[in-house]
Amino acid sequence: MNHDLKRAGIAGVELGGTKCIVALADAGHAIIDQRSIPTTSPTETLAGIEAVLDEWWHVRAFASLGVASFGPVDLDPASPAYGHITSTAKPGWRDTPVADRLAARYPVAVTFDTDVNGAALAEGRWGAAQGLDDYAYITVGTGVGVGLIVNGRPTRGLGHCEAGHMRIARLAGDDWSGACPYHGDCVEGLAAGPAIAARLGGRGEHLADDHPVWLTVVDALAQMAQALVSATGPRRLLIGGGVIAHRPYLIDAIDRRLRALIGDYLQLPPRDAGYVRAPGLGIAAGPLGPIALALSGHNTRSKPLAE
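Residues numbered from 1 in each chain as written. Predicted model: local features only at pLDDT ≥ 70, side-chain atom pairs only at ≥ 80, totals over all residues. Heavy atoms only, no water.

Caption draft 1: How the structure looks around the pairing of strand E7 (residues 109-114). Summarising burial for E7: five of the six residues are buried, a large majority. Relative to E7, strand E4 (residues 64-69) is paired through six bridges, and the arrangement is parallel. Across the sheet, the residue bridging to Ser69 is Thr114, located in E7. (Buried < 20%, exposed > 50% of the residue type's maximum accessible area, 1.4 Å probe, protein only. Helix = DSSP H or I, 4+ residues; strand = E, 2+ residues; numbered from the N terminus. Pairing = 2+ DSSP bridges.)

Shown next, in the form of structure tokens:
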């Protein structure tokens, strides 16, 4: 491994609810090594991540580390719980200190954020949001996550964006209680993959495109999008994730419903301008997300490099 790579490499960890991707990027930010680790218990999973990072560290192949985690997480650097996974429904992971554990092991800057914020920043650097400072990355899969970028940075405040848990108006005649363990019929409780399966009593991959359940999915996501447009005015909405990837026509349906909800009050770009569109990086947004986080320097706790 050459000297430049040793000094300029970036390691990234995408900590997902089902699996973790640990990636190594070279000085040109291209992924040169990538490993997958099942997400089981915190002890087993973090040990597996560290084993991969240790292997790379022995040749001093990375000079910074980005961590993009499922949430909710604490992103306040002044908080004693900074870098912890907080009120997750994933068994065993609540209050797990992810960032501090990794920062204590490797004397490099460790940048920590949500997985969806990481993917959003990757889309801004290399994907379908290049050149934009205000946009939203929406993923619809196991949950509904939103990476909301305003003035070039992920939103902050009381915490990171949790628009997927927004409460919305229900379609006439639809009184299903929803599947979110916290809010029932929030957007995630109506539109995420597990919500669709819970409503139907089975997975939705083989449903017909005109099945009524897709109307509820489109309406829930369009209402969330309308709120995002009204609140922060994103210049582009990127919608991906497993549910959308299997049925890309839903993007156009969400666009049409969004425009109907907004009416003539706000002026969106023309429909053929790709205002609502699929992400540009596809599945690469995941492993590139923590690399983009490390490059951004947002929410970093630094330690001096070892001599």
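Caption draft 2: Local environment of the packing of aromatic side chains. Enumeration over the complete set of coordinates arrives at five aromatic pairs. When the centroid spacing of 5.6 Å and the interplanar angle of 75° are considered together, the rings of Phe70 and Trp93 count as edge-to-face. Highlighted residues: Phe70 in the loop between E4 and strand E5 (84-85) and Trp93 in the loop between E5 and strand E6 (96-97), separated in sequence by 23 residues. Side by side, Phe70 and Trp93 carry an identical accessibility label, which is buried. Counting every residue linked through ring pairs, the aromatic cluster contains Trp57, Phe62 and Tyr106. (Phe/Tyr/Trp six-rings, centres within 6.5 Å; stacked < 30°, edge-to-face > 60°.)

Caption draft 3: Main features of the sheet that holds strand E12 (residues 276-277). Strand order in the open sheet made by the five strands is E10-E9-E8-E11-E12, with mixed pairing throughout. The sheet is open, and its two edges are formed by strand E10 (153-154) and E12, each paired on a single side. Alignment of strand E8 (residues 135-140) against strand E9 (residues 144-150), held across six bridges, turns out to be antiparallel. Residue Tyr135 lies in a different strand from E9, and its bridge partner there is Ile149.

Caption draft 4: Representation of empty space enclosed by the protein in the model. Scanning the entire structure with this criterion turns up one cavity of 30 Å³ or more. When its volume is computed, the largest cavity comes out at roughly 50 Å³. Taken together, Ile168, Ala169, Arg170, Leu171, Asp174, Leu190, Arg199, Thr216, Asp219 and Ala220 make up the lining of the largest cavity. Counted by class, the lining of the largest cavity contains five nonpolar, one polar and four charged residues. (1 Å grid on protein atoms, 1.4 Å probe; cavity = no way out; pocket = protein on both sides within 12 Å on 5 of 7 lines; lining within 4 Å. Points joined across faces, edges and corners; volume = space filled by probe spheres on them. Nonpolar A, V, L, I, M, F, W, Y, C, P; charged D, E, K, R; others polar.)

Caption draft 5: The arrangement of the pattern of salt bridges in detail. Applying the stated rule across the entire model yields 15 salt bridges. For the salt bridge of Arg105 with Asp54, the shortest nitrogen-to-oxygen distance reads 2.6 Å. Of this pair, Arg105 sits in helix H3 (residues 98-105) while Asp54 is found in helix H2 (residues 42-57), placing the two residues 51 residues apart along the sequence. The partner of Arg259 in a salt bridge is Asp255, and the shortest N-O contact between them spans 2.5 Å. With Arg259 and Asp255 both in helix H9 (residues 249-262) and four residues apart, this pair spans about one turn of that helix. Taken individually, Arg259 and Asp255 each receive the classification buried, so the pair is uniform in this respect. Counted as one network, the salt bridges with shared partners bring together Arg167, Arg170, Asp174, Asp185 and Arg199. (Salt bridge = Lys/Arg side-chain N within 4 Å of Asp/Glu carboxyl O.)

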